[in-house]
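Structural features, examined
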Amino acid sequence: MSAEKPSIGYGTIWIFLMVLLVLGVACLKLPHGIAVYLIFAVAVVKAFLVLRHYMHVHGVPSMIYALIGIPVVLAGILIYIVADATLDPRKAPPPPPAMEAHE
Amino acid sequence: MSSATTTAAHPQYEGGPFAQLPFGRAGMWWFLSSEICVFGTFMGTYALMRIAAGGWDAERAHLNATIAIMNTIVLVTSSLTIVQAHAAAEAGDREGARRNLLITVLLGCLFLCFKTFEYSREISHGFVPWTSTFWSFYYTMTGLHGLHVIGGIIVNFILFLATYRASWDLVKHRVEYAGLYWHFVDVVWIFLFPLLYLA
Amino acid sequence: MQAGAHAEVHAGHHEPTSFWRKYIFSVDHKVIGKQYLTLGFAMAIIGGFTAFLIRWQLAWPETEAPILGLMQESGFFGPDQYNAFVTMHGTIMIFFVAMPILLGGFGNYFLPLMVGAPDMAFPRLNMMSFWTIFVASCILTASWFVPGGPAAGGWTSYPPLSADPNLSGVNWGGHLWLLAIIVEFASFLMGGVNFMVTTINMRAPGLSLWRLPLFVWMEITAAVLFMLSVGPIAAGGIMLLLDRTMGTGFFLPARGGDPLLFQHLFWFFGHPEVYVVLLPGFGMILEVLPVFSRKPVYGYKAIIYSTIAAGILSFVVWAHHMFVSGIDARLATPFSITTILISVPFAVMMFSMIATLWGASIRFATPMLFALSTLATFLVGGVTGIFLGSAAIDIYLHGTYYVVAHFHYTLFPSVFLGGFTGLYYWFPKMTGRMMNETLGKLHCLITTVSFNCVFIPLFFVGIAGHMRRIYNPLQYEFLKEIQPTHVFVTYAAIVLILAQSLLVINIVWSYFAGEVAGDNPWNANTLEWATSSPPPHINFETVPTVYRDPYDFSEPGAKQDWTPQWVPSVRGVS
């Protein structure tokens, strides 16, 4: 059902996670542009390891994959649209006129 | 009340392709699904406002990455111990489950201690939630995460106490569900840590 | 472990005996459902009263409103209080009337019955969800009495007005409003988990997903929509609360924030939310239409696919609430397209409902009258929404009474007319008594007619340029000539509100002196009618096995014009 004897031990996964932590911190030495993507990639790999080996999301009913994937997609849609409003200064609404102090 | 076993043990229910999960596990995943939306929104919004504001590098320099790294180690280790508690509970090893649950609770408290220390240092330097938008986001996101950690510690502690009771066999399947929640809290931190402290 | 789990499940079915465990802190979904219904009705009285005050002010501006004079020094109220009434009317009606009645009330009561389960999957979580929303209601009610008054920024609570107490003069009222809503979200999250796991895991043998009653499909779609959309507004609400109390700078430009961000977060939730409120109403009339037409629902699968499609689309239409808020003008096109697209699945549902009636042998009992009324009224609401979905027209109509009329023409049918449909239909099951048909028909007639008298004129008032949430329309020259319309509308609104007393009388009278209903007074097919009225604590003495679809009416070769789901062959009826 849930915990068959795992092919890779939990402790081994822990070691991988620690190694990835070190890798992630080491990425700070790299130039900023590429560091951001690498650090994010490292985080995704760590999350994947926890999901697959600790939360046993592997060969589970598709409902679980949907429950994880759909919110991520939805959050992505929301952020994409909001980005339109906040990122480009030209697109953002003009700042409100300065208000004089009221009574 | 809430059933642990699959529908195989409840032949009175129809079952079917979606119904293979035990109630508690299915319920926990539905809850986590909603939580992904909450934290995803916060993180995405933070990223956007940071880009729009030009990076917030000056403010971010005041964060202490070392404490955060130690917190990451603590939280990841607690994920290890709680999944070991689950394995022990499944195997019938009450002592092992008890021990691992206790360590998980203690590690969770250690996370909170580090966080409190970190907050107090920042506050003493004059960085409070209303100092700037960056600090608003920082305190809100880590604070919300911290509240979830507190919730998880309470649940894990209740399960730890349950190992001392005769009804343990009836409730030991709940270690898995508490573990799912705790792993989720860990995964949120896995993304929160680089987002705030590294990148 | 097997034996232990069985023992646990069986122990859970031990019927409680003490008053507190039986009626107050009950884990029985039927009791919890009735508690939600009671809460919803109580809050509806307050919500209806605020509507009365709004209408009074619009018809006879700056005069003393009756009844209000009994609650405070004078019945006269200024613009600040008016804004508070507008805000609380919307908030109470959506969050504390519509959702408790449709989801918490009827959903909790009938979902387990319709799937043949003894209770919800997590009964204690169910109980906690009710008491959580009870706490939220108390918080919101308390906000009426704090210094500075209740929240007054509209139910949408846009910053900067709602983010800075100095701007609006509302201090604690706004904090409590946000707190009440955040707590309410937690309550419905708990309920949503219960709905999903119960429907997926606890169906009776033979009840495949394609044999579920449409009410169940609608409830679980609504639950999914709510659970996926609540995240951003929970985040936004927390951020707004912090802006108000701790001086953070999420939404205030002066502190480096972006007010538009709140609107995005709010409406990303807000739009799926209106479908959360709409779908259960549709579910109830879809239950009633086949029963009183003695015909299967036309296009059962089409309705389900449309519901799912509408649910998915509902997540990508939200910016149609923000066409004139300062978003990038290029966003108007895609959101107009998706908004107009979303009318297609609803049109499919409407056509299916009409096709269900086609050639049917209709019994005009009260539930059916309300179902027909819902259908006709929602049609107007849906069609007028298409105009608003097109950005070009919306630029003119946004924020006018046209919008108010549109959303009342969608919300009122689903919440009230649909809710009344469910109430008249299921009252015999919940109480074992039939309701009075004469009173019910009168209630339907007066409600429908007066509702249309209230809101049809408001479309024209909106096109004439009357903006929403204005305290005194007489201060504008061009609005003075439509003042007689406002007077007419207010009279109609008073009739509408007073007509609800017919329902109250009917409920009270029928509960004690109504004709005794049997198990299945309407000769319906779904599982809730397989047990006694009201059902016993464990719902079914023997769990039924399901052999057929939920709407097998007038099947050729059958002895009667109805064949319940739990009967194997068409020739024999239990």
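For the structure, see preceding data.
We now turn to the structure provided with this report. Quick caveat: nothing in here was measured; it's all calculated off a predicted structure.

**Side note on the overall build of chain B**
Tallying secondary structure elements over chain B gives seven helices and zero strands in all. In chain B, the order of α-helices and β-strands from amino to carboxyl end is α-α-α-α-α-α-α. Overall, chain B is about 60 × 35 × 20 Å in size when its C-alpha atoms are taken along their principal axes. For chain B, the accessible area works out to roughly 6,900 Å², and carbon and sulfur atoms hold 69% of it. Side-chain charges in chain B split into 11 positive and 12 negative, and the spacing between the mean points of these groups amounts to 5 Å.

**Some thoughts on the overall build of chain A**
On a plain count of helices and strands, chain A comes out with three helices and zero strands. Ordering the α and β elements of chain A from the N terminus gives α-α-α. When the 103 residues of chain A are sorted by exposure, 39% land in the buried category. Looking at chain A as shown, the accessible area adds up to about 6,200 Å², and 73% of this sits on carbon and sulfur atoms.

**A look at helix 9 (residues 214–246) of chain C**
All names here are of chain C. Compared with the 48 Å implied by 1.5 Å per residue over 33 residues, the 46 Å span of helix 9 between its first and last C-alpha is a close match. Along helix 9, the helix axis deviates most sharply at Val-230, where the bend reaches about 40°; the proline Pro-232 sits within four residues downstream. For helix 9, the buried fraction is high: 29 of the 33 residues fall into the buried class. Gly-247 sits one or two positions beyond helix 9 and adopts a positive phi of about 70°.

**Notes on the interface of chain C and chain B**
Often, the extent of an interface is quoted as the loss of accessible area on bringing the components together. Taken together, the 50 residues of chain C in the interface contact 39 residues of chain B. Carbon and sulfur atoms supply 70% of the area buried between chain C and chain B, which totals about 3,800 Å² over both sides. Linking chain C to chain B there are zero salt bridges. At the junction of chain C with chain B, the criterion picks out eight residue pairs in polar contact (both at pLDDT 80 or more). Mapped onto the side of chain C that touches chain B, the elements with two or more residues apiece are helix 1 (2–12), helix 6 (123–142), helix 8 (172–201), helix 9 and helix 10 (259–293) of chain C. Considering each element in turn, the side of chain C that touches chain B owes the most residues, twelve residues, to helix 9 of chain C. Its residues assigned to classes, the side of chain C that touches chain B shows 32 nonpolar, 13 polar and five charged.

**Regarding the interface of chain A and chain B**
Each partner contributes to the interface: chain A provides 41 residues, whereas chain B provides 46 residues. Here chain A packs against chain B, burying approximately 3,700 Å² in sum over the two surfaces, 83% of which is carbon and sulfur. The largest share of the area that chain A buries against chain B comes from Met-55, Met-63 and Leu-67 of chain A, three residues that together contribute 16% of it. At the boundary of chain A and chain B, one finds zero salt bridges. Here chain A and chain B share two residue pairs in polar contact (both at pLDDT 80 or more) between them. Elements that contribute at least two residues to the side of chain A that touches chain B include exactly helix 1 (10–26), helix 2 (32–54) and helix 3 (62–86) of chain A. For the side of chain A that touches chain B, the element with the highest residue contribution is helix 3 of chain A, accounting for twelve residues. For the side of chain A that touches chain B, the residue count by class is 34 nonpolar, six polar and one charged.

**Thoughts on the layout of surface pockets**
Space inside the second largest pocket adds up to approximately 1,700 Å³. Met-28, Phe-31 and Val-155 of chain B together with Leu-125 and Met-128 of chain C are the residues nearest the centre of the second largest pocket, which is lined by 41 residues in total. With ten residues, helix 5 (residues 133–162) of chain B is the largest single contributor of residues to the lining of the second largest pocket. Class assignment of the residues belonging to the lining of the second largest pocket gives a composition of 27 nonpolar, ten polar and four charged.

**Thoughts on the nonpolar core**
Ranked by size, the top nonpolar core spans 287 residues in total, and within it Phe-106, Phe-282 and Trp-426 of chain C carry the most contacts. The greatest single-element share of this core, amounting to 22 residues, is contributed by helix 5 (residues 79–115) of chain C.

**Observations regarding helix 3 (residues 29–59) of chain C**
Residue and element names in this part refer to chain C. For helix 3, built from 31 residues, the straight-helix expectation of 45 Å at 1.5 Å per residue is met to within 8% by its first-to-last C-alpha distance of 44 Å. Where burial is concerned, most of helix 3 is hidden: 25 out of the 31 residues are buried. One side-chain oxygen at the N-terminal end of helix 3 lies 2.9 Å from the backbone nitrogen of Lys-30; it belongs to Asp-28.

**Some details on the packing of aromatic side chains**
This model, assessed by the stated rule, comprises 84 aromatic pairs over all chains. For the pair Phe-19 of chain C and Trp-20 of chain C, a centre-to-centre distance of 5.8 Å together with 80° between the ring planes defines the contact as edge-to-face. Relative accessible area serves as the criterion here: at 49%, Phe-19 of chain C is assigned to the partly exposed category. With relative accessibility at 52%, the residue Trp-20 of chain C sits in the exposed group. Ring centres of Trp-56 of chain C and Trp-60 of chain C lie 4.6 Å apart, and the angle between their planes is 55°; on these two criteria the pair is classed as tilted. Arg-98 of chain B extends its terminal NZ or CZ atom over the ring of Tyr-164 of chain B, reaching a point 4.0 Å from the ring centre.

**Quick word on unusual backbone geometry**
Backbone geometry follows two general trends: most residues other than glycine have a negative phi, and most peptide bonds adopt the trans configuration. Residue and element names in this part refer to chain C. Along the chain, Pro-159 connects to Pro-160 via a cis peptide bond; the corresponding omega equals -5°. The residue Pro-160 is located in the loop between helix 6 and helix 7 (165–168) in this model. Following Ser-533, the chain continues to Pro-534 via a peptide bond in cis, the omega torsion being -10°. Within the fold, Pro-534 resides in the segment after helix 17 (483–513). For Asn-523, which is not glycine, the phi dihedral falls at a positive 55°. Summarising the element assignment, Asn-523 is placed in the segment after helix 17. On the accessibility criterion, Asn-523 (30% relative accessible area) is partly exposed. With a phi close to 50°, Ser-554 is a non-glycine residue in the positive phi region. Turning to its location among the elements, Ser-554 is positioned in the segment after helix 17. Among the residues examined, Ser-554 registers a relative accessible area of 42% and is labelled partly exposed.

**Things to note about the environment of Ser-187 of chain C**
Residue and element names in this part refer to chain C. The topology assignment puts Ser-187 in helix 8. Between the alpha carbons of Ser-187 and Phe-134 there is a distance of 9.2 Å; along the sequence they are 53 residues apart. Ignoring any residue separated from it by four or fewer positions in sequence, one finds Ser-187 in contact with Tyr-36, Ser-129, Thr-132 and Ile-133. Within the structure, Ser-187 has its side chain in polar contact with the backbone oxygen of Ser-129 (distance 2.7 Å).

What counts, and at which threshold
- Residues numbered from 1 in each chain as written.
- Chains lettered and ligands numbered in written order.
- Predicted model: local features only at pLDDT ≥ 70, side-chain atom pairs only at ≥ 80, totals over all residues.
- Heavy atoms only, no water.
- Helix = DSSP H or I, 4+ residues; strand = E, 2+ residues; numbered from the N terminus.
- Areas by Shrake-Rupley, 256 points an atom, 1.4 Å probe, with all protein chains shown as cover.
- Lys, Arg positive; Asp, Glu negative; His and termini not counted.
- Charge placed at Lys NZ, Arg CZ, Asp CG, Glu CD.
- Buried < 20%, exposed > 50% of the residue type's maximum accessible area, 1.4 Å probe, protein only.
- Expected span 1.5 Å × (residues − 1).
- Bend = angle between axes of the 7 residues up to and from the residue.
- Contact = heavy atoms within 4.5 Å.
- Buried area = accessible area lost by both parts, 1.4 Å probe.
- Salt bridge = Lys/Arg side-chain N within 4 Å of Asp/Glu carboxyl O.
- Polar contact = N/O pair within 3.5 Å; in protein donor to acceptor, adjacent residues only side chain to side chain.
- Nonpolar A, V, L, I, M, F, W, Y, C, P; charged D, E, K, R; others polar.
- 1 Å grid on protein atoms, 1.4 Å probe; cavity = no way out; pocket = protein on both sides within 12 Å on 5 of 7 lines; lining within 4 Å.
- Points joined across faces, edges and corners; volume = space filled by probe spheres on them.
- Core = buried A, V, L, I, M, F, W, Y, C linked by side-chain atoms within 4.5 Å.
- Phe/Tyr/Trp six-rings, centres within 6.5 Å; stacked < 30°, edge-to-face > 60°.
- Lys NZ or Arg CZ within 6 Å of the ring centre and 35° of its normal.

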